Amino acid sequence: MFSRILTSLIRRPVAVSMVMLVIVATGIVSAWRLPLELTPKAELPRLSVHTAWPNASPEAVEAFVTAPIEGVVAGLPGVQKLTSTSREGQSTVEVAFSRDTRVDFAALQLSEQLAIVREHLPHGAGAPRIQKYVPEEFRQEAFLQYQLAGPYSLYDIRQMALKKLRTPLLAVPGVADVQVQGGQDAEIHILLDRRKVQNFGLRPQHIRQALQDLNLRLQGGLLRRPADRRGVDLLVLNPVHTLEELRNLPLRAGKTRLRLKDVATVERAYQNVRQLVRIDGNPAVSLVIHREPGSNTIAVANTVFRELERLMRTLPPGMRLLKIYDESARIRRDLRALSTRSIFCLLVILLVLLAFLRTLHLPLLVMSTVAIAILLTLNLFYFAGLTLNILTLAGLALGFGMLVDNAIVVMDNIHRLREEGMEATQAAVQGTQEMLQPLAASTLTTVVVFLPALYMTGELRVYYIPFILAVCLSLLSSLVIALLFAPMVAARVAPAVRPRESRLLRAYRFLLRKALAWPLVVLVAAGGLFYFSYDQFDKNVTRGEIWRWDGDTYLICWARLPRGAELQRADDIARTFEEKVVGLPGVKRVSTYVYPERVRIRIDFPKAVQLSAYPLILKEQLSVLASRFAGVAIGVYGFGPGFSTGLGGSAPNFRIQVLGYNYNEVKRIAEAVGRKLQRNPRVRDINTSGSGYWWSSRAHTETVLRVKRDRLPAYGLTVAEVLDQVTAYLRENQGWQRLVLGKEELEYRVKFADFRDFDFRDLFNVVIYSSAGKGVRLPEVTEIVEQPVQSEIVRENQQYQRWVTFEYRGPYKFGQRLVDAVIKNTALPPGYKLKQPKWFLSAEEKKLIYWVLALSLLLVFMVTAALYESLIQPFIVMLTVPLALIGVFLVFWLTETNFDRSAYIGVILLSGIVVNNAILMVERITRLRRQGLPVREAIVRGAEQRIRPILMTTATTVFGLVPLVLSGGESELWGTLALSTIGGLSSSAALILFVTPALYRLLVRR
């Protein structure tokens, strides 16, 4: 039936050509309309609950907010893991559900339960917010990020960013939001004269209440209009329009009528700066641009670039706009890399086909089928709802070398029949007919190995499902084009070819006959090679994922100041480091972020020095500078390839987790582990109180004002009156205090005029006045104490956890051995645990991958058994997988490459690819046997006729993957996957030519 369909298609070239033109035209349209994104839409069965409780300590947050929420979350159906983090003023509870949980329904259930808990949360705590989880690798904080800097004040720069840039950018199609971070806003200061306020018996709360009344906007009621007897709404407003009106705001103190200016100075000022941003020492504000989901990243970026270029011409002289982050740059780089790899692959394909076929028209025909297959794949992408992102582009790049395999096999078989003297049309029909079953089998085996991946859970599924779909769709497209388009063209352009036998073929025939004479020796030699390769792999190759930095080398200087530190103190530290590095010839950019209690400085290097010793030397110099500051935790850490080449100096690269139900015991165990690690001279930067990351803060203290409620009645005071008068001395606002002045909404502060000079010592001399005018010193009714407090409390499944982080200066595998030894030799009380979570591949994920691999092999066996109606031939085909593992073991051992998660997926991919060559050979041998040839002669002739397509398809696939390995950081997610595929294909292609015939000779006697 297939031959009749194919003959009909060959006789109707115009119809087939039109179909192909439709595929080309729609493929081009699909490529134009497919969204370009950095990462796919990722949604996992995880939720997080965030609750704010301003100014509350971590202990209070954990006891009164986190614990009640944990109790509710733990009772939800399908909960697998529960993790909580309690920080100052913030509670975060993360919950992971089973895979079959519907996230939207779980969020609805959780929302209903949290509504009940909300009533019992402490006063001042905000409503819990539910957020869906996105893997850290796919989180996109911004689409574009800029720094606007210039020789102007922070207020002026912020206003320029808000009015000149933000508003026009919001009108750009595809832009979802634009945030301006940093700078200063205007505000109103109402500075009370302490003596006058006390003389008139006023309190700060009286002033605040009068100001809050200015914001009243109430519906007073319904009035009837006599003229038409219709009702009208009466709206009550009490606005002010100028500062002068505000100064004349009437106040009442007993029977005395006052105006605000009688007891206070009212002035327009600027907000207290909460953070400072500088680029190379110049003031700056951040401009963060978010993209609408599903929009084309490059198209939106180009529009934003053009708009910003126009807007910058409207800004005053001296303003600079520096691009800090560009999501589209990664996509452009991937597209350029894909284009480069495509050209490289096409050249390799052309050279390989020319070398084997020794004619030009057939290689050109194969390359045309590749182009049509790619366009058909893009059509399938569009209708399947996929986007072009880092995962699907990698799938296309990986499958590019395999796209030609089907066409090569078909064209080679047609070419062989033409060498035997067959007419062109008959050769096209028969050659394609003969390859229908092996091509269907080889394509199906490659596709079915990915079916078990549908059972993957968690982030493994998010990572690899789009990639797998890209590979499978491209292979199916290539099969359709190879079976329909290639024979039609070959029937018209394939000329008669004289048969020629190469020396390679004669040599192979000679060696093959020797192998068939001693089949057991061949199998024993292959088994010995497998044992040797696995032994070297097991002893010398590190398995499991290690942390991978991005493609750039940079330094991070991080300073953590004591709680309550002022911004000026943090800025002084930041400027000390800036003076050391700004302007150095080997430094590209210095980005400084200053907050009251922390400093973050990023130092970027030019490409020319990133892999030199300069970044390491500068790091050591800054580390010496950091040691001069007392009472401040300062760290200098290096990231990127310049610090991860074995020279040392990178950020802590090992973590050990301590778990238990007693907080103090967990702390003791962590400190004991830290003392053990200190004995190793290669261990640096040990931190036993972290949250698992190098920037985790250490324990500090806080000052607590405890009100003595039993003494308040004697002085006629209430807690609210005490707090109201104390906060008037402090610098920061408490609560949301804003009013509308004309058309502008401004924050305001009600403070005593000397609040800027007020410090901790003055707190003991504050006099609190009751409503009756009776005064009492603050220490009489309060207690001021300083107590230790942890900056962060983390629990996993309601167990306290603590992290020991450190840097090991040496080969990663030696550091791993140290971690294993420490975990094994540390005595733990019952109920406590030490473990080393992996950055990516956990024990559960590894177990899942092994299960997927086993199921994939079973499916391959079942597919080949169904196609061959035999159990022996599929068994022969399946034994090519161990031959491929030989190459995998050897390539990772010889290149000293870490065998990570992508390498595991590469092995799964191999199990479907390497059987293709065996399928071609076994199918041909079986067909010749059915034609009456003896077993031995059928093996020799079948192997001879399949050596050329086996070598050609292997060469095109291997060379197509080489750029993924050589491109380094650009393909770090897929480099090891490509390396394992290259090693497996190379070894299987070399060994299958002898081992598979020898195995066939042993198992099939007649």
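Residues numbered from 1 in each chain as written. Predicted model: local features only at pLDDT ≥ 70, side-chain atom pairs only at ≥ 80, totals over all residues. Heavy atoms only, no water.

**Concerning the overall build of the chain**
Alright, step 1. Helix and strand content of the chain: 31 helices and 30 strands.
Alright, step 2. Counting across all 1006 residues of the chain, residues that qualify as buried make up 52%.
Alright, step 3. Sequence separation of 24 or more characterises 79% of the internal contacts of the chain that already satisfy a separation of 6 or more. (Helix = DSSP H or I, 4+ residues; strand = E, 2+ residues; numbered from the N terminus. Buried < 20%, exposed > 50% of the residue type's maximum accessible area, 1.4 Å probe, protein only. Contact = heavy atoms within 4.5 Å.)

**Here we look at the side chain of glutamate 923**
Alright, step 1. Mapped onto the elements, glutamate 923 comes out in helix 29 (residues 915–930).
Alright, step 2. On the accessibility criterion, glutamate 923 (4% relative accessible area) is buried.
Alright, step 3. Every residue in contact with glutamate 923, bar those within four places of it in the chain, is listed here: Glu434, Pro438, Tyr868 and Arg946.

**Structural notes on the nonpolar core**
Alright, step 1. Ranked by size, the top nonpolar core spans 66 residues in total, and within it Phe892 and Phe899 carry the most contacts.
Alright, step 2. The element contributing the most residues to this core is helix 30 (residues 935–966), with ten residues. (Core = buried A, V, L, I, M, F, W, Y, C linked by side-chain atoms within 4.5 Å.)

**Quick notes on the packing of aromatic side chains**
Alright, step 1. The full count for this structure, using the stated rule, is eleven aromatic pairs.
Alright, step 2. Clustering of aromatic rings is evident, with ring pairs tying together Phe530, Tyr534, Phe537, Phe889, Phe892 and Phe899. (Phe/Tyr/Trp six-rings, centres within 6.5 Å; stacked < 30°, edge-to-face > 60°.)

**Concerning the sheet that holds strand 23 (residues 738–741)**
Alright, step 1. On the basis of which strands lie adjacent, the open sheet formed by four strands has the order 12-7-24-23 and mixed pairing. On the outer flanks of this sheet lie strand 12 (264–270) and strand 23, each paired with one strand and no other. Neighbour to neighbour, the strand axes of the sheet diverge by 35° on average, direction disregarded.
Alright, step 2. Here strand 7 (residues 186–192) runs beside strand 24 (residues 744–752); their pairing, made up of six bridges, is parallel. Considered in strand 24, the bridge of leucine 191 is made with lysine 751.
Alright, step 3. Against the sheet, helix 7 (residues 204–213) makes contact with strand 7, strand 23 and strand 24, and its axis sits at roughly 170° relative to strand 24, the strand it touches most. (Pairing = 2+ DSSP bridges. Axes fitted to C-alpha atoms, helices over the stretch in contact; angles between N-to-C directions.)

**Topic: a nonpolar patch on the surface**
Alright, step 1. Nonpolar side chains collect at one region of the surface, where Ile872, Phe875, Leu879 and Leu1003 lie side by side and expose about 310 Å² of accessible area between them.
Alright, step 2. Relative to the helices and strands, leucine 1003 is located in helix 31 (residues 975–1003). (Patch = residues over 30% accessible without salt bridge, like charges linked within 9 Å, V, L, I, M, F, W, Y side chains within 5 Å. Areas by Shrake-Rupley, 256 points an atom, 1.4 Å probe, with all protein chains shown as cover. Salt bridge = Lys/Arg side-chain N within 4 Å of Asp/Glu carboxyl O.)

**Points about the packing of helix 16 (residues 503–517) against helix 30**
Alright, step 1. Where helix 16 contacts helix 30, the axes come no closer than 10 Å and their chain directions differ by 135°. It follows that helix 16 is oblique to helix 30 by the angle criterion. Of the two possible hands of crossing, helix 16 and helix 30 adopt the one that is right-handed. Between helix 16 and helix 30, the contacting residues are Leu504, Leu505, Tyr508, Arg509, Leu512, Arg513, Leu516 and Ala517 on the first element and Arg936, Glu937, Ile939, Val940, Ala943, Glu944, Ile947 and Leu951 on the second.
Alright, step 2. A breakdown of the residues in the contact of helix 16 with helix 30 according to their chemical character gives eleven nonpolar, no polar and five charged. (Parallel < 35°, antiparallel > 145°, perpendicular 65-115°, else oblique. Left-handed = near helix turned anticlockwise from the far one by under 90°. Nonpolar A, V, L, I, M, F, W, Y, C, P; charged D, E, K, R; others polar.)

**Quick word on the packing of helix 5 (residues 154–170) against helix 10 (residues 297–312)**
Alright, step 1. One can describe the packing of helix 5 onto helix 10 by two numbers: an axis separation of 10 Å at closest approach and a directional angle of 150°. The orientation of helix 5 relative to helix 10 falls into the category roughly antiparallel. Handedness of the crossing formed by helix 5 with helix 10: right-handed. Counted together, Lys164, Leu165, Pro168 and Leu169 of helix 5 and Val304, Glu307, Leu308 and Leu311 of helix 10 form the full contact between these two elements.
Alright, step 2. Among the residues making up the contact of helix 5 with helix 10, the classes are represented as six nonpolar, no polar and two charged.

**Some words on the pattern of salt bridges**
Alright, step 1. This model, assessed by the stated rule, comprises 16 salt bridges.
Alright, step 2. Arginine 247 is the partner of glutamate 244 in a salt bridge, and the nearest nitrogen-oxygen pair spans 3.4 Å. Within this pair, glutamate 244 and its partner arginine 247 are both found in helix 8 (residues 243–247), separated by three residues, close to a single helical turn.
Alright, step 3. Judged by relative accessible area, glutamate 244 falls into the partly exposed class, the value being 40%.
Alright, step 4. In the salt-bridge network here, residues are joined through shared partners; they are Arg278, Asp571, Arg575 and Glu578.

**With respect to the confidence of the model for the chain**
Fine structural detail should not be taken from predicted coordinates in areas where pLDDT scores are low.
Alright, step 1. Mean pLDDT over the chain stands at 78; residues scoring 70 or higher make up 84%.
Alright, step 2. Per-element averaging of pLDDT across the chain places strand 8 (residues 217–225) at the bottom with 61 and helix 10 at the top with 90.
Alright, step 3. Low pLDDT, under 50, characterises residues 645–651; the predicted model gives this stretch 20 contacts beyond four residues in sequence or across chains.
Alright, step 4. Confidence over residues 692–699 falls short of pLDDT 50; this stretch has 26 contacts with residues more than four positions distant or in other chains. (pLDDT = per-residue confidence, 0-100.)

**Remarks on helix 3 (residues 58–74)**
Alright, step 1. The end-to-end C-alpha distance of helix 3, which contains 17 residues, comes to just 21 Å, noticeably less than the 24 Å that a straight helix rising 1.5 Å per residue would cover.
Alright, step 2. Those residues of helix 3 that fall on the buried side of the exposure criterion are Pro58, Ala60, Val61, Glu62, Val65, Thr66, Ile69, Glu70, Val72 and Val73. (Expected span 1.5 Å × (residues − 1).)

**Considering the environment of threonine 297**
Alright, step 1. As for its position among the elements, threonine 297 is in helix 10.
Alright, step 2. Judged by relative accessible area, threonine 297 falls into the buried class, the value being 0%.
Alright, step 3. In this structure, the C-alpha to C-alpha distance between threonine 297 and aspartate 326, residues 29 residues apart in sequence, is 10.0 Å.

**Considering the pairing of strand 29 (residues 799–808)**
Alright, step 1. When you tally the buried positions in strand 29, you get ten out of ten residues, the bulk of the element.
Alright, step 2. Here strand 29 shows no split at all, with Gln799, Gln801, Trp803, Thr805 and Glu807 on one side and Tyr800, Arg802, Val804, Phe806 and Tyr808 on the other all buried.
Alright, step 3. As defined by bridge partners, strand 20 (residues 654–660) adjoins strand 29 across seven bridges and the pair is classed as antiparallel. Note that in strand 29 the partner of glycine 660 across the bridge is tyrosine 800.
Alright, step 4. With three bridges joining them, strand 28 (residues 792–796) and strand 29 adopt antiparallel strand pairing.

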